[in-house]
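Coordinates in review
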Amino acid sequence: MSGRYRGAGAARAVMLVADVLAGVLGLWIALSLLGANPSNDLAHAVHEVADWLSTWARDLFAPSQDWLRTLLNYGIPALAYLLIGHIAAGWLRRVD
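Residues numbered from 1 in each chain as written. Predicted model: local features only at pLDDT ≥ 70, side-chain atom pairs only at ≥ 80, totals over all residues. Heavy atoms only, no water.

Some details on the nonpolar core
- Core analysis: the biggest nonpolar cluster contains ten residues, these being Ala-22, Leu-25, Trp-28, Ile-29, Leu-31, Val-46, Ala-50, Leu-53, Tyr-74 and Ala-78.
- Sorting the residues of this core by element identifies α1 (9-33), α2 (41-53) and α3 (66-95) as the ones contributing at least two each.
- Per-element tally for this core: the top contributor is α1, with five residues.
- Setting aside residues no more than four positions away along its own chain, Val-46 makes contact with Val-24, Leu-27, Trp-28 and Leu-31. (Core = buried A, V, L, I, M, F, W, Y, C linked by side-chain atoms within 4.5 Å. Buried < 20%, exposed > 50% of the residue type's maximum accessible area, 1.4 Å probe, protein only. Helix = DSSP H or I, 4+ residues; strand = E, 2+ residues; numbered from the N terminus. Contact = heavy atoms within 4.5 Å.)

Shown next as structure tokens:
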């Protein structure tokens, strides 16, 4: 396997999980900013998972604009998952 997911199996798995978690958060940000119907089953499921993933950052920022609140309170956890996951994967690659 070449590119982004090359290297040790554990490092690849950690990076893939981090990317999926950040992807779910990014998907919710996109759905929210585009005005997705919250009663739609897919939008509701993505929102529930994104809420759970970003629990630790809930209301970290409270700007008056809803779009900015969504972007910050879900975007920061997405970046944190990416950063931590990729750092951990790099460490695992070096150790292996």
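Having seen it, we continue.
A few points about the layout of surface pockets
- The space that makes up the largest pocket amounts to roughly 160 Å³.
- Lining the largest pocket, in full, are Asp-51, Ser-54, Arg-58, Asp-59, Asp-66, Arg-69, Thr-70, Asn-73 and Tyr-74.
- The element best represented in the lining of the largest pocket is α3, accounting for five residues.
- Residue composition of the lining of the largest pocket, by class: one nonpolar, three polar and five charged. (1 Å grid on protein atoms, 1.4 Å probe; cavity = no way out; pocket = protein on both sides within 12 Å on 5 of 7 lines; lining within 4 Å. Points joined across faces, edges and corners; volume = space filled by probe spheres on them. Nonpolar A, V, L, I, M, F, W, Y, C, P; charged D, E, K, R; others polar.)

What about α2?
- The end-to-end C-alpha distance of α2, which contains 13 residues, comes to 18 Å, matching closely the 18 Å that a straight helix rising 1.5 Å per residue would cover.
- When we look at burial in α2, the residues that qualify are Ala-43, Val-46, Ala-50, Asp-51 and Leu-53. Taken down its axis, α2 places every buried residue within 160° of arc, on the same side. The outward face of α2, more than 90 degrees from its buried face, is lined by the exposed residues Asp-41 and Trp-52.
- Looking at the packing, one finds that the buried side of α2 touches α1 and α3. (Expected span 1.5 Å × (residues − 1). Arc of directions from axis to C-beta.)

With respect to the environment of Tyr-81
- With respect to the helices, strands and loops of the structure, Tyr-81 is situated in helix α3.
- Separated by 56 residues in sequence, Tyr-81 and Leu-25 have C-alpha atoms that sit 9.9 Å apart.
- Setting aside residues no more than four positions away along its own chain, Tyr-81 makes contact with Ala-18, Leu-21, Leu-25, Leu-53 and Trp-56.
- Within polar-contact distance, the side chain of Tyr-81 engages the backbone oxygen of Leu-53 at 2.6 Å.
- A polar contact of 3.3 Å, which involves the side chain of Tyr-81, links it to the side chain of Trp-56. (Polar contact = N/O pair within 3.5 Å; in protein donor to acceptor, adjacent residues only side chain to side chain.)

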